[in-house]
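# Structural description and commentary
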Amino acid sequence: PPKHDALWRFFWRTGAEGGQQKHKDQFRVVPKDFPQWEYTMDRWGSLVRETVMTVSEMLSLGLQLPQNAFTDGLTNTSQPLGPIGNNLAKFDVGTVFTGFHYDLNFMTIHGKSRYPGLYIWLKDGTKLKMRVPDGCLFIQAGKQLQILTGGFIEAGFHEVIYTEETKKAYELAVKEGRIPWRVSSTMFATMRYDVIPVSYTHLRAHETPEHLVCRLLLEKKKKT
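In what follows, the accompanying structure is described. (Residues numbered from 1 in each chain as written. Predicted model: local features only at pLDDT ≥ 70, side-chain atom pairs only at ≥ 80, totals over all residues. Heavy atoms only, no water.)

Take the overall build of the protein next. A tally of helices and strands in the protein yields five helices and 12 strands. For the protein, the share of sequence-separated contacts (at least 6 apart) that also reach a separation of at least 24 residues comes to 78%. For the protein, the exposed area adds up to about 13,600 Å²; of that, 58% sits on carbon and sulfur atoms. (Helix = DSSP H or I, 4+ residues; strand = E, 2+ residues; numbered from the N terminus. Contact = heavy atoms within 4.5 Å. Areas by Shrake-Rupley, 256 points an atom, 1.4 Å probe, with all protein chains shown as cover.)

Structure (structure tokens):
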């Protein structure tokens, strides 16, 4: 494997509340020559954070859970923005910007990148080229969500690769005088460490007949 990932990342804590202020301040480093940096990061962070809260409430209702089943664990804490940048002028087709992995947090949310290259995997192992429509956001389930739903929702595997399509988009950008950087404006929404908002037993209504039979047999065996 390469010694370093072919990317730059800058973390920025947003939405600190209560006792989390100290942790937020540890990440409040403003780069030079970016006078609007703090306002831009806080504004974007607020927008995607609110989106995560709304989607979390929708998910709770869809799973027949209380509306605040997940949002309780997302309040009173800051959330990390982790913008990722790839300088396309330094690399070529085949470069792995972000290797095959899943995220450890609750939900990952980001806007549409200027350049293609993101791939995702379905539950059946099918690999898909991810295309985010203009004006839309992309949300992926993380490992925390998988654990909190007892595996009913699984963390999504994904990767980012420098493809032929990426190179064509880069060459067009250079020709038009645009910045040749692939940027992903990502927030890694994470549950507060001291909250367990839901257990697997809440999701029994979604069991398949096969899972239900197995669980009932195991419970019967424990009683005997």
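Don't stop here, the text continues.
Before going further, it helps to examine the sheet that holds strand β8 (residues 127–129). Pairing between sheet strands relies on hydrogen bonds along the backbone, with the strands arranged either parallel or antiparallel. Sheet architecture is open: four strands sit in the order β5-β10-β7-β8, paired in antiparallel fashion. Edge positions in the sheet fall to β5 (96–101) and β8, since each has one partner strand and no second. Each strand axis lies, on average, 25 degrees off the axis of its neighbour in the sheet, ignoring direction. (Pairing = 2+ DSSP bridges. Axes fitted to C-alpha atoms, helices over the stretch in contact; angles between N-to-C directions.)

Let us look at unusual backbone geometry. Unusually for a residue other than glycine, Gln64 sits at a positive phi of about 60 degrees. Of note, Gln64 is situated in the loop between α2 (37–62) and β3 (79–81). When its relative accessible area of 59% is taken as the criterion, Gln64 is described as exposed. (Buried < 20%, exposed > 50% of the residue type's maximum accessible area, 1.4 Å probe, protein only.)

Taken as a whole and assessed by the stated rule, the structure comprises six salt bridges. Residues Arg178 and Glu176 are paired through a salt bridge, measuring 2.9 Å at the closest nitrogen-oxygen approach. Residue classification places Arg178 among the partly exposed positions, given a relative accessible area of 37%. A single salt-bridge network, built from bridges that share partners, covers Lys129, Arg131 and Glu165. (Salt bridge = Lys/Arg side-chain N within 4 Å of Asp/Glu carboxyl O.)

This part covers helix α4 (residues 164–175). In a regular helix each residue adds 1.5 Å, so 12 residues correspond to 16 Å; α4 covers 17 Å between its end C-alpha atoms and thus fits that length. All of the buried residues along α4 are Thr166, Ala169, Tyr170 and Ala173. Seen along its axis, α4 keeps its buried residues to an arc of 105 degrees; they face one direction. Opposite the buried face of α4, by more than 90 degrees, sit the exposed residues Glu164, Lys168 and Lys175. Contacts made by the buried residues of α4 are with β10 (158–161). Where α4 terminates, the next one or two residues include Gly177, which has phi positive at roughly 80 degrees. (Expected span 1.5 Å × (residues − 1). Arc of directions from axis to C-beta.)

Let's shift gears to the side chain of Thr14. Here Thr14 shows up in strand β2 (residues 12–14). Exposure remark for Thr14: the relative accessible area of 3% places this residue in the buried category. Non-local contacts of Thr14, meaning those with residues more than four positions away in its chain, are made with Arg28, Met41, Asp42, Gly45, Arg49, Ser78, Gln79, Leu81 and Met187.

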